[in-house]
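Residue-level structure breakdown
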Protein chains: 2
Amino acid sequence: MQKSTADSSHKTKTAPLTIKDIAQELGVSATTVSRVLAGKAKEHRISDETAKQVIELSKRKNFTPNAIARGLRLLKTHTIGLLIPDISNPFFAGLARNVTEGLHRHGYSIILCDSQDDLAMERQLLDLLWSRQVDGMIIAPVGQQASHVADLARMPKPVVMVDRFFSDLKIPYVSSDNFLGAKQAMECFFENGHRKIACLKGLSGSAPAEERLRGYRQALSQHGLEVDESLIRGDAFGEQSGYVETKLLLKRRRDFTGIFAMSNLIASGALTALEEEGVRVPEDISLIAFDEQPYLSHFNPPLTTIAQPVERIGDTVVKILLSQMKSPDQPQTEGILLPTSLVRRKSVARIGPAV
Amino acid sequence: MQKSTADSSHKTKTAPLTIKDIAQELGVSATTVSRVLAGKAKEHRISDETAKQVIELSKRKNFTPNAIARGLRLLKTHTIGLLIPDISNPFFAGLARNVTEGLHRHGYSIILCDSQDDLAMERQLLDLLWSRQVDGMIIAPVGQQASHVADLARMPKPVVMVDRFFSDLKIPYVSSDNFLGAKQAMECFFENGHRKIACLKGLSGSAPAEERLRGYRQALSQHGLEVDESLIRGDAFGEQSGYVETKLLLKRRRDFTGIFAMSNLIASGALTALEEEGVRVPEDISLIAFDEQPYLSHFNPPLTTIAQPVERIGDTVVKILLSQMKSPDQPQTEGILLPTSLVRRKSVARIGPAV
DNA sequence: TTGAAAGCGCTAACAC
DNA sequence: GTGTTAGCGCTTTCAA
């Protein structure tokens, strides 16, 4: 009778219920309540009578055990940290949804951290997640610097990287095969007779940007085409970058017939610039963008894109993380690259015989 | 001497550091370390020497205090629950970003929950957040049933609703003025001579859908137009719904000249259907959608939309929540409705004199 | 079939 | 200036 008595409807500061309150009211011990609520009634041969009462009262009082206290005791929080560069980027939003759902199904909650592509912020958030005793982490690091991420490999909790990764880090990763994706885009250009293609790059140093760039270069070389370095521009995955760099690029609009945009945000910015300058797509310039979204089919023109298998990526990340948490000492998967695919629409014009 | 020595048992990974370890190594008490790390060195007149050492060693060992333990002790977790129906919906993704950032700046982390517009899931997630001792919650409830949400009003922690709300619930809310938004859309139709306008509705029972519907109806009435109930269709905010209902609607395509879509996802689905049926926008049918996104300007045709002030909504929600947490007993804001605005583009055709 | 007690890592009260 | 002690709410030996 210490803190309970009346817990009825006014919103004043009722101290939250505890397992003790329930125990007291029932005249049993906290231990018993704990066991029942943890589903270990049978295991401890607690009488059906007692068990029923506990469950009954807990439900009636709307009591749920304090997960924080449990976490402290068990040294396990059933919480996963999710660190991504920008939740408002549809690619990451889709990933977050998938991952959140998959993890929830296995009893884990997720703490969402948005680094805004800022390295200092990322470091801070990593510490934060760490201090919150997450049982594991899924991170898409900014991707330009590995040192602080490398520390994670030493931590006693599993970590998996997604989208952005460092392949030399002993931390498993899951990503699209960005190299392949870029080549698919380039092949589409070549088929349609293009041979001078500009590249609107994403964040320098990040694995996706670098791999896509590598694919871009190699595709060109394999077709005996020279890569014109001045046609490679930009340094961020956002709309702004696409807009600005396209404006700049357009000063040399006779030097290329196609643009390969490393994200659909970039492509969107590019489209704005193109329109402002009166350049028609695809009549004057063709365009292919990374990242598929259904609504891209309603663009003018419908955008040809490289689709990433977002759901498979999410599922795979979750699977790896769960398995690492289950058996922490098993050998780690090195890295998994999932194939992209070309979605042909109308933003590439045929301008000559295939090259 | 209590827990050391046994360190080499059978744990492959090293046990996480604690405040005690730091204290021991420095020959001071845990209290001192705690105080220094909590920035209370001055307050307790701890010698600069000692303070420096503590900070130094903590940094060197990469130690961060266990936030779980602290949370248990302080009965405050610095964690906020964010419950939304679908993080992959750009509106909510934008909101999440804004809220996450704003809260982070004040030292709070967020646990992200995606209810997938499912009532049972929502209930479960609410319990979960509760059990995790969040200091407050921001929720966009599914919105069709208030009972379980009503319970939250009784909880000793602040809650604020966003987007979806129940106005009779004694829980503060922040949302766009959906009624106004719908009227803005309708006025735009009227100005261009439309008088028969179909409505692609969002989730029935949810505040946004109902308010927008109310605006739709009132606008019609105010212009002396009758509302044709059979022109009001659909029951979800997603793309699917937009597609299917438009297909159905098209059987009566002579009965209307414009479509008011309650979300841009719905509009996207509608566009697909329209295209499949060979109906041109805006020549044959005009279209206005709720929810603005920059890329909508690249649609064919560029979409006329109703823009919600997402950032202001996010900022306001955060402000209210923070202030409630600061002084829980102050009178609560009832509810705040922020004005929407019309973004005129090209999806509405002039078909006659203004009505 | 059930309980008492110890302790997870931290901090606030109260010493000295 | 710094340390000792108690306890946040829970689970888990160990005991009965």
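Anyway, here's the lowdown on the structure attached to this text.

What counts as what
Residues numbered from 1 in each chain as written. Chains lettered and ligands numbered in written order. Predicted model: local features only at pLDDT ≥ 70, side-chain atom pairs only at ≥ 80, totals over all residues. Helix = DSSP H or I, 4+ residues; strand = E, 2+ residues; numbered from the N terminus. Rg over C-alpha atoms; globule rule 2.2 N^0.38 Å. Buried ≥ 20, exposed ≤ 12 C-beta atoms within 10 Å, placed from the backbone. Contact = placed C-beta atoms within 7 Å. Least-squares fit on C-alpha atoms with pLDDT ≥ 70 in both. Pairing = 2+ DSSP bridges. Axes fitted to C-alpha atoms, helices over the stretch in contact; angles between N-to-C directions. Near = placed C-beta within 6 Å. Nonpolar A, V, L, I, M, F, W, Y, C, P; charged D, E, K, R; others polar. Parallel < 35°, antiparallel > 145°, perpendicular 65-115°, else oblique. Left-handed = near helix turned anticlockwise from the far one by under 90°. Arc of directions from axis to C-beta.

1. What to know about the overall build of chain A
- Of the regular secondary structure elements, chain A holds 12 helices and 12 strands.
- Compactness check: chain A gives a C-alpha radius of gyration of 27 Å against a globular reference of 20 Å for 355 residues, more than 25% above the reference.
- When each of the 355 residues of chain A is scored for burial, the buried share is 47%.
- Counting contacts in chain A only where the partners sit at least 6 residues apart, residues at least 24 apart contribute 70% of the total.

2. Concerning the relation of the copies chain A and chain B
- The operation relating chain A to chain B is a screw motion whose rotation component is 180°, with 0.1 Å of axial translation and a residual RMSD of 0.1 Å. This pairing of chains is accounted for by a two-fold axis.

3. A few points about the sheet that holds strand β4 (residues 159–162) of chain A
- Pairing is mixed across the open sheet formed by 12 strands, whose spatial order is β11(A)-β5(A)-β4(A)-β3(A)-β1(A)-β2(A)-β2(B)-β1(B)-β3(B)-β4(B)-β5(B)-β11(B). Edge strands, defined here as strands with exactly one partner in the open sheet, are β11 (336–338) of chain A together with β11 (335–338) of chain B. Between one strand and the next, the sheet's axes are offset by a mean angle of 20°, whatever the strand orientation.
- Across 4 bridges, the pairing between strand β1 (residues 79–84) of chain A and strand β3 (residues 136–139) of chain A is parallel. By the bridge assignment, A:L83 is partnered in β3(A) with A:I139.

4. Some points on the interface of chain A and chain B
- At the junction of the two partners, chain A supplies 46 residues and chain B supplies 45 residues.
- When contributions to the side of chain A that touches chain B are tallied by element, the ones reaching two or more residues are α4 (67–74), α5 (90–105), β2 (109–114), α6 (119–131) and α11 (264–276) of chain A.
- A per-element tally of the side of chain A that touches chain B places α5(A) first, with 7 residues.
- Where β2(A) meets strand β2 (residues 109–114) of chain B, 3 bridges bridge the pair, whose relative direction is antiparallel. The residue bridging A:I110 from the neighbouring strand is B:L112, located in β2(B).

5. Focus on the protein's contact with DNA strand C
- Surrounding DNA strand C, one finds 27 residues, the nearest of these being A:R45, A:I46, B:T18, B:I19 and B:S34.
- Listing elements by their share of the surface near DNA strand C, those giving two or more residues are α2 (30–37) and α4 of chain A together with α1 (19–26), α2 (30–37) and α4 (67–74) of chain B.
- Looking at the surface near DNA strand C, the element that brings in the most residues is α4(B), giving 5 residues.

6. Focus: the pairing of strand β1 (residues 79–84) of chain B
All names here are of chain B.
- For β1, a buried count of 6 out of 6 residues is recorded, marking the element as mostly surrounded by other parts of the structure.
- Taking every second residue as pointing to the same face, both faces of β1 are buried, with T79, G81 and L83 on one and I80, L82 and I84 on the other.
- Two strands pair when backbone bridges link them, and β1 and β2 are joined in this way by 6 bridges, in the parallel orientation. Residue pairing in the sheet places I80 in a bridge with I110 of β2.

7. With respect to the protein's contact with DNA strand D
- Within the structure, DNA strand D sits among 27 residues, and A:T18, A:I19, A:S34, A:N66 and A:A69 are positioned closest to it.
- Among the elements of the structure, α1 (19–26), α2 and α4 of chain A together with α2 and α4 of chain B are those that each provide at least two residues to the surface near DNA strand D.
- No other element matches the 5 residues that α4(A) contributes to the surface near DNA strand D.
- Looking at the surface near DNA strand D, its residues break down into 11 nonpolar, 10 polar and 6 charged.

8. Some thoughts on the sheet that holds strand β12 (residues 341–343) of chain A
All names here are of chain A.
- The mixed open sheet is built from 6 strands, whose spatial order is β7-β6-β8-β9-β10-β12. Strands at the two margins of the open sheet, each flanked by one partner only, are β7 (232–233) and β12.
- For strand β9 (residues 286–290) and strand β10 (residues 304–307), the ladder comprises 3 bridges, and the chain directions are parallel. Pairing of F290 across the sheet is with I306, part of β10.
- Seen against the sheet, helix α10 (residues 239–249) touches β6 (197–200), β7 and β8 (258–261) and runs at an angle of roughly 150° to β6.

9. Considerations on the environment of B:T50
- When you line up the elements, B:T50 lands in helix α3 (residues 48–61).
- Distance in space between the C-alpha atoms of B:T50 and B:E187 is 70 Å, their sequence separation being 137 residues.

10. Here's the deal with helix α10 (residues 239–249) of chain B
- Turning to α10(B), its buried residues are B:E239, B:S241, B:G242, B:Y243, B:E245, B:T246 and B:L249.
- Buried residues belonging to α10(B) abut β6 (197–200), β7 (232–233), β8 (258–261) and α11 (264–276) of chain B.

11. Comments concerning the packing of helix α5 (residues 90–105) of chain B against helix α12 (residues 310–326) of chain B
Residue and element names in this part refer to chain B.
- Where α5 meets α12, the closest approach of the two axes is 9 Å, and the angle between their N-to-C directions is 40°. The orientation of α5 relative to α12 falls into the category oblique. In the packing of α5 onto α12, the handedness of the crossing is right-handed. Where α5 approaches α12, its residues F91, G94, L95, N98, V99, G102 and L103 are matched on the opposing element by V310, E311, I313, G314, D315, V317 and V318.
- Looking at the contact of α5 with α12 residue by residue, the class counts come to 8 nonpolar, 4 polar and 2 charged.

12. Comments concerning α2(B)
Residue and element names in this part refer to chain B.
- Among all positions of α2, only T32, V33 and V36 are buried. Relative to the axis of α2, the buried residues are bounded by an arc of 100° and lie together on one face.
- If you follow the buried residues of α2, they end up packed against α1 and α3.
- Trailing α2 by a residue or two, G39 shows a phi angle of about 75°, which is positive.

13. Notes on unusual backbone geometry
- Cis rather than trans, the peptide bond between A:N300 and A:P301 has omega equal to -5°.
- Its location among the elements puts A:P301 in the loop between β9 and β10.
- With omega at 5°, the peptide bond leading from B:V281 into B:P282 counts as cis.
- Considering the arrangement of structural elements, one finds B:P282 in the loop between α11 and β9 (286–290).
- Positive phi outside glycine occurs at A:R45, with the angle close to 45°.
- Summarising the element assignment, A:R45 is placed in the loop between α2 and α3 (48–60).

14. Observations concerning the packing of α2(B) against α3(B)
Residue and element names in this part refer to chain B.
- Where α2 meets α3, the closest approach of the two axes is 10 Å, and the angle between their N-to-C directions is 80°. Comparing the axis directions of α2 and α3 gives the class roughly perpendicular. Side by side, α2 and α3 meet where T32, V33, V36 and L37 of the first sit next to T50, A51, V54, I55 and S58 of the second.
- Each residue belonging to the contact of α2 with α3 can be placed in one class, and the counts come to 6 nonpolar, 3 polar and no charged.

15. Topic: the environment of B:N300
- Structurally, B:N300 is set in the loop between β9 and β10 (304–307).
- As for B:N300 and B:K346, which are separated by 46 residues in sequence, their C-alpha atoms are 8.6 Å apart.
- Setting aside anything within four residues of it in sequence, one finds B:N300 in contact with A:H298, A:F299 and A:N300.

16. A word on the environment of B:D114
- Relative to the helices and strands, B:D114 is located in strand β2.
- A count of 27 C-beta atoms within 10 Å places B:D114 in the buried class.
- Measuring from C-alpha to C-alpha, the distance between B:D114 and B:N89 comes to 11 Å, with 25 residues separating the pair along the chain.
- Apart from the residues within four sequence positions on either side, B:D114 is in contact with A:R97, A:T100, A:E101, B:I84, B:D86 and B:I87.

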